[in-house]
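Overview (structure and organization)
Listed below are the residues making up each chain.
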Amino acid sequence: MKRFEKPEDLAINGAPPAFEKVLHVGRPNIADRAMFDNYVDRIWESGWLTNNGPMVQELEEKITEYLGVKHCVAMCNGTIALEIAIRALGLEGEVIVPSFTFIATAHALSWQGIQPVFADIDPVTHNLDPDSVRAAITTNTTGILGVHLWGRPSPIADLQAIADEYGLKLMFDAAHAFGCTYKGVSIGNFGECEVLSFHATKFFNTFEGGAVVTNDDSLAEQMRLMRNFGFSGLDNVIYHGTNGKMTEVSAAMGLSNLLVIDAVLKKNKENYLAYKAHLENIEGIKLIQYSGTEHFNYQYIVVDVGVDSPLTRDKIISMLNAENVLARKYFWPGCHNMAPYRDLQPHASLRLPVTNSVAERIIILPTGVNIGDDEISVISALIRFICDDSVTLENIIR
Ligand SMILES: *Cc1c(COP(=O)(O)O)cnc(C)c1O
């Protein structure tokens, strides 16, 4: 840490980067290789590669147990899972969504001819603001698609009350929220259904994968048909469907990752607490809170760069990048500022002041099983050094 004593010590000023190897955001949490190999051996023995095989069925069962939900319908990825859920719920016309989310949330609607109507978010939780949702309702609105961003639950009770009042369907994009809770109840139990992503970067992964979880029997049955071209039995198509099936090897990865999920959670939480301790009292820098009595998966280390920060968010990111810390902006500049929505809804920005502001302020830092205590203390020291205004800015900005 001796390196960070003078402005000249920064890579951006010509010194070698703080880390020899690049530290990435979203490096996968991977289970023990031997565990995975055991499951793969079973695939070789059964010769069953896909089409609702024994691994997929076992994974679905384990997930329903883990989350305490009635049904888990595993899919090839979270985006197809969203599309199937949206279709199974019969959504059409307009559906209200946050703009501050991964683009797949909006695309899953517009891909099937539904207009995503963007509502604003709360500046602290980054989740949908119920008042903004209410203001976005029109006679064409059929549903609300909430997102539990960073694994922190949406204001579920308020959204459910609005949905009930206007006769709308409520569903959730729970891609970030595997293992998280709302009022002590596991995510997966809310709205009509909730959609999980098991993409490699997520807390729990199956290489690529996803699922819809629900307590509604007939909805689950409908989605099982849709996931498999509408086949009911060998030769009988009784429904309009697509191919949303999860492969056996993905399920094997999921089963082996489930075996170590407690260890991954423990590591994520330790990492979060380490960042929290190291990043205290830096002007303009605030780590988002995972506080209170809920369970979280701590998969995202989110720093909010305030207006009082002496440096802009982008400047801080570029300086961290120069040190081989591949800190990222996430969900910038908001779905409403990306194609095709930017052109289709040119005035959406006017309704989204908080989204616009938050999207300019967020930095995501590396975490997960691949990051250690030493790395976190060096990353934090860099941020403190970069942001401390006792270091004159002329020296560290090229
Ligand atoms: C990752 C993600 C998705 C998409 O999931 P895939 O499995 O990558 O298709 C959807 N919504 C959010 C909020 C996500 O983070």
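Above this text is the structure in question.
Read on for a plain summary of the structure. (Residues numbered from 1 in each chain as written. Predicted model: local features only at pLDDT ≥ 70, side-chain atom pairs only at ≥ 80, totals over all residues. Heavy atoms only, no water.)

Let us look at the overall build of the chain. Within the chain, the secondary structure is distributed over 14 helices and 14 strands. Each principal axis of the C-alpha atoms in the chain carries an extent, and together these give about 70 × 55 × 40 Å. Expressed as a percentage of its 398 residues, the buried residues of the chain come to 53%. Long-range pairs, those at least 24 residues apart, make up 71% of the contacts in the chain between residues at least 6 apart in sequence. On the chain, roughly 17,300 Å² of surface is accessible, and the fraction owed to carbon and sulfur atoms is 53%. Taken as two groups, the 32 positive and 48 negative side-chain charges of the chain have centres that lie 3 Å from each other. (Helix = DSSP H or I, 4+ residues; strand = E, 2+ residues; numbered from the N terminus. Buried < 20%, exposed > 50% of the residue type's maximum accessible area, 1.4 Å probe, protein only. Contact = heavy atoms within 4.5 Å. Areas by Shrake-Rupley, 256 points an atom, 1.4 Å probe, with all protein chains shown as cover. Lys, Arg positive; Asp, Glu negative; His and termini not counted. Charge placed at Lys NZ, Arg CZ, Asp CG, Glu CD.)

Core analysis: the biggest nonpolar cluster contains 51 residues, and Phe-100, Trp-150, Ile-316, Leu-320, Leu-365 and Ile-383 have the highest contact counts within it. The greatest single-element share of this core, amounting to eight residues, is contributed by helix H13 (residues 373–387). Mapped onto the domain boundaries, this core takes at least three residues apiece from domain 1 (2–28 + 261–327 + 366–397) and domain 2 (33–259). For Ile-316, the residues in contact, after removing those within four places along its chain, are Ile-285, Val-305, Ser-309, Leu-311, Ile-363, Ile-386 and Cys-387. (Core = buried A, V, L, I, M, F, W, Y, C linked by side-chain atoms within 4.5 Å. Domains from an automatic or database assignment.)

To continue, consider the sheet that holds strand S9 (residues 194–197). Ordered by their spatial adjacency, seven strands build an open sheet running S2-S10-S9-S6-S5-S3-S4, and the pairing between neighbours is mixed. In the strand order of this sheet, the two ends are held by strand S2 (71–75) and strand S4 (115–119), each with one partner. Taking the axes of each pair of neighbouring strands and ignoring which way they run, one obtains an average angle of 25 degrees across the sheet. Where S2 lies against strand S10 (residues 210–214), five bridges are found, and the strand directions are antiparallel. Within S10, the position partnered with Cys-72 by the bridge is Val-213. Strands in contact with helix H4 (residues 103–110) are strand S3 (94–98), S4, strand S5 (141–147) and strand S6 (169–173); relative to S4, the strand with the most contacts, it is inclined by about 145 degrees. Sheet contacts for helix H7 (residues 217–227): S2 and S10; angle to S2, the most-contacted strand, approximately 15 degrees. (Pairing = 2+ DSSP bridges. Axes fitted to C-alpha atoms, helices over the stretch in contact; angles between N-to-C directions.)

Turning to the packing of helix H9 (residues 261–278) against H13, a few remarks are in order. To describe two helices that pack against each other, one gives the angle between their axes and the distance between the axes. Packing of H9 against H13 leaves a shortest axis separation of 9 Å and a crossing angle of 30 degrees. Overall, the two elements H9 and H13 adopt an arrangement that is roughly parallel. The interaxial crossing formed by H9 with H13 has right-handed handedness. Note on element contacts: H13 touches H9 through Asp-373, Ile-376, Ser-377, Ile-379, Ser-380 and Arg-384, opposite Asn-271, Ala-274, Tyr-275 and His-278. Here the residues of the contact of H9 with H13 sort into four nonpolar, four polar and two charged. (Parallel < 35°, antiparallel > 145°, perpendicular 65-115°, else oblique. Left-handed = near helix turned anticlockwise from the far one by under 90°. Nonpolar A, V, L, I, M, F, W, Y, C, P; charged D, E, K, R; others polar.)

Moving on to unusual backbone geometry. Note the cis peptide between Trp-332 and Pro-333, where omega equals 0 degrees. A cis amide bond links Ala-339 to the next residue, Pro-340, at an omega of 0 degrees. Not every positive phi belongs to a glycine, and Asn-51 is a case in point at roughly 70 degrees. Considering the arrangement of structural elements, one finds Asn-51 in the loop between helix H1 (33–46) and helix H2 (54–67). Note on Asn-51: relative accessible area 43%, which makes it partly exposed. Not every positive phi belongs to a glycine, and Asn-281 is a case in point at roughly 55 degrees. Assignment of secondary structure puts Asn-281 in the loop between H9 and strand S11 (285–287).

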